[in-house]
Amino acid sequence: MAWFVGVLIVFAIILLFSVVKIVPQGREFTVERFGKYTKTLKPGISVLTPFVERIGRRMNMMEQVLDVPQQEVITKDNAVVKVDGIVFIQVMDAAAAAYRVDDLTYAISQLCMTNLRTVVGSMELDEVLSQRDSINTRLLQVIDAATEPWGVKANRIEIKDLTPPADITNAMARQMKAERERRAVVTEADGEKQAAITRAEGAKQAAILEAEGRREAAYRDAEAREREAEAEAKATAMVSEAIARGDVNAINYFVAQKYVEAFAELARSPQQKTVIVPSEMGALVGTLAGVGELVGLARSQQENRVAAPSRAPAPPSRTGRSVPPTA
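Only a predicted model underlies this, so the values are computations on that prediction, with no experimental measurement involved.

## Description of the packing of helix H3 (residues 104-121) against helix H5 (residues 132-147)
So, point 1. At a minimum axis separation of 10 Å, H3 and H5 run at an interaxial angle of 140°. For the element pair H3 / H5, the angle class is oblique. For the element pair H3 and H5, the recorded crossing hand is right-handed. Counting all contacts with H3, which are made through Ile 108, Leu 111, Cys 112, Asn 115, Leu 116, Val 119 and Val 120, the residues of H5 involved are Ile 135, Arg 138, Leu 139, Val 142, Ile 143, Ala 146 and Thr 147.
So, point 2. For the contact of H3 with H5, the per-class residue count stands at eleven nonpolar, two polar and one charged.

So this is what it looks like as structure tokens:
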């Protein structure tokens, strides 16, 4: 009797574990009744009908990452590249993902490979290497539309690696080097051009300033010569008036001035190593003496003009001569 009770206890425990099901978070279980899908168990505890219902598929509802195997693809310009990638999927409908496709991960992997070959094959090599975002977008649209009946959402598709042939890689490296050298030459030429323009502008400004300086100097020289000519004209006029009055000293002054200037120029000449004093130097001394007398006479005349208004006129004498006033 005891063994019978033990068998019943073991049977009850087995029955309990087969009927009571605990679904963890991020998972969903499908329930089959006599092999037919009836419902989906959400996360939590659920109770099944014993001997009638059982768990069919245990589906992962979290986002999953699947590798797309590497494959060789011929581009539009007949270049062979090796391409692989990854795809991020999430099961949205556990029943559809369990019963509408046999092997979900294998089916999605093959779908990505075929569409990757189609998209890359429709582009040239340069476009494939430079437009990864465009490839990812086109692949995502196609894969998402294809997996929707399976209850799967394709969130992202990324190209992981693109490997062109070695000869194409070397050609691209040489092309890049040549392009960078060309840019360096163009940049250097632009710098030399700007430097030449700057130097030309500086020379132009310097020439303009130099021309303005010469013009200003010429204007100042002309003004100085004009004033010198005016002074010379005034001096000549004064000498002419003195000559007209019969003043011989004025003639002597004029001649002595020109004589001294000519002799000074002769003495300052760089070709002259010896200065010969002319024999007429005595006459020159006399002329200078006459000039001194002329200066003294002019000074006395100036003093008389100043003193004449302050003196009263002397009364005439009987003899008709003026008598000087007494002190």
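## Examining the sheet that holds strand S3 (residues 36-41)
So, point 1. In space, the three strands of this open sheet follow the order S3-S2-S5, with antiparallel pairing throughout. Across the chains shown, the open sheet's two edge strands, defined by having one partner strand only, are S3 and strand S5 (53-60). Each adjacent strand pair in this sheet contributes to an overall mean axis angle of 30°, direction not counted.
So, point 2. Here strand S2 (residues 27-33) runs beside S5; their pairing, made up of six bridges, is antiparallel. Within S5, the position partnered with Arg 33 by the bridge is Glu 53.

## A few points about H3
So, point 1. The end-to-end C-alpha separation of H3 is 26 Å, in line with the 26 Å expected for 18 residues at 1.5 Å each.
So, point 2. Inspection of H3 places Leu 104, Ala 107, Ile 108, Ser 109, Leu 111, Cys 112, Met 113, Asn 115, Leu 116, Val 119 and Val 120 among the buried residues, and these make up the whole buried set.
So, point 3. Check the buried side of H3 and you find it contacts strand S6 (64-74), strand S7 (80-91), helix H2 (94-99), helix H4 (125-130), H5 and strand S8 (152-163).

## Observations regarding the packing of aromatic side chains
So, point 1. A full pass over the atoms with the stated rule returns one aromatic pair.
So, point 2. Centre to centre, the rings of Tyr 37 and Tyr 99 are 5.5 Å apart; their planes meet at 50°, and the pair counts as tilted. In this pair, Tyr 37 is assigned in strand S3 and Tyr 99 in helix H2, connecting sequence segments 62 residues apart.
So, point 3. The ring of Phe 29 carries the charged tip of Arg 58 above its face, separated from the ring centre by 5.0 Å.
So, point 4. Positioned above the aromatic ring of Phe 88 is the side chain of Arg 156, whose terminal nitrogen or guanidinium carbon lies 4.4 Å from the ring centre.

## Here's the deal with the pattern of salt bridges
So, point 1. Per the stated rule, a full pass over the model turns up twelve salt bridges.
So, point 2. Salt-bridge contacts for Asp 67 lead to Lys 160; the nearest nitrogen and oxygen are separated by 4.0 Å. One end of the pair, Asp 67, is in strand S6; the other, Lys 160, is in strand S8, and 93 residues separate them in sequence.
So, point 3. Overall, Asp 67 belongs to the exposed group, its relative accessible area being 52%.

## Regarding the nonpolar core
So, point 1. The biggest cluster of nonpolar side chains holds 36 residues, and the ones touching the most others in it are Val 87, Leu 104, Ile 108, Ile 135 and Val 152.
So, point 2. Top contributing element to this core by residue count: H3, with nine residues.
So, point 3. If we skip the residues at most four places from it in the chain, Val 152 touches Ile 89, Gln 90, Val 91, Met 92, Ala 97, Leu 104, Ile 108, Asp 144 and Thr 147.
So, point 4. With six residues, the next largest nonpolar core counts Val 23, Phe 29, Val 31 and Ile 55 among its residues.

Thresholds applied
Residues numbered from 1 in each chain as written. Predicted model: local features only at pLDDT ≥ 70, side-chain atom pairs only at ≥ 80, totals over all residues. Heavy atoms only, no water. Axes fitted to C-alpha atoms, helices over the stretch in contact; angles between N-to-C directions. Helix = DSSP H or I, 4+ residues; strand = E, 2+ residues; numbered from the N terminus. Parallel < 35°, antiparallel > 145°, perpendicular 65-115°, else oblique. Left-handed = near helix turned anticlockwise from the far one by under 90°. Contact = heavy atoms within 4.5 Å. Nonpolar A, V, L, I, M, F, W, Y, C, P; charged D, E, K, R; others polar. Pairing = 2+ DSSP bridges. Expected span 1.5 Å × (residues − 1). Buried < 20%, exposed > 50% of the residue type's maximum accessible area, 1.4 Å probe, protein only. Phe/Tyr/Trp six-rings, centres within 6.5 Å; stacked < 30°, edge-to-face > 60°. Lys NZ or Arg CZ within 6 Å of the ring centre and 35° of its normal. Salt bridge = Lys/Arg side-chain N within 4 Å of Asp/Glu carboxyl O. Core = buried A, V, L, I, M, F, W, Y, C linked by side-chain atoms within 4.5 Å.

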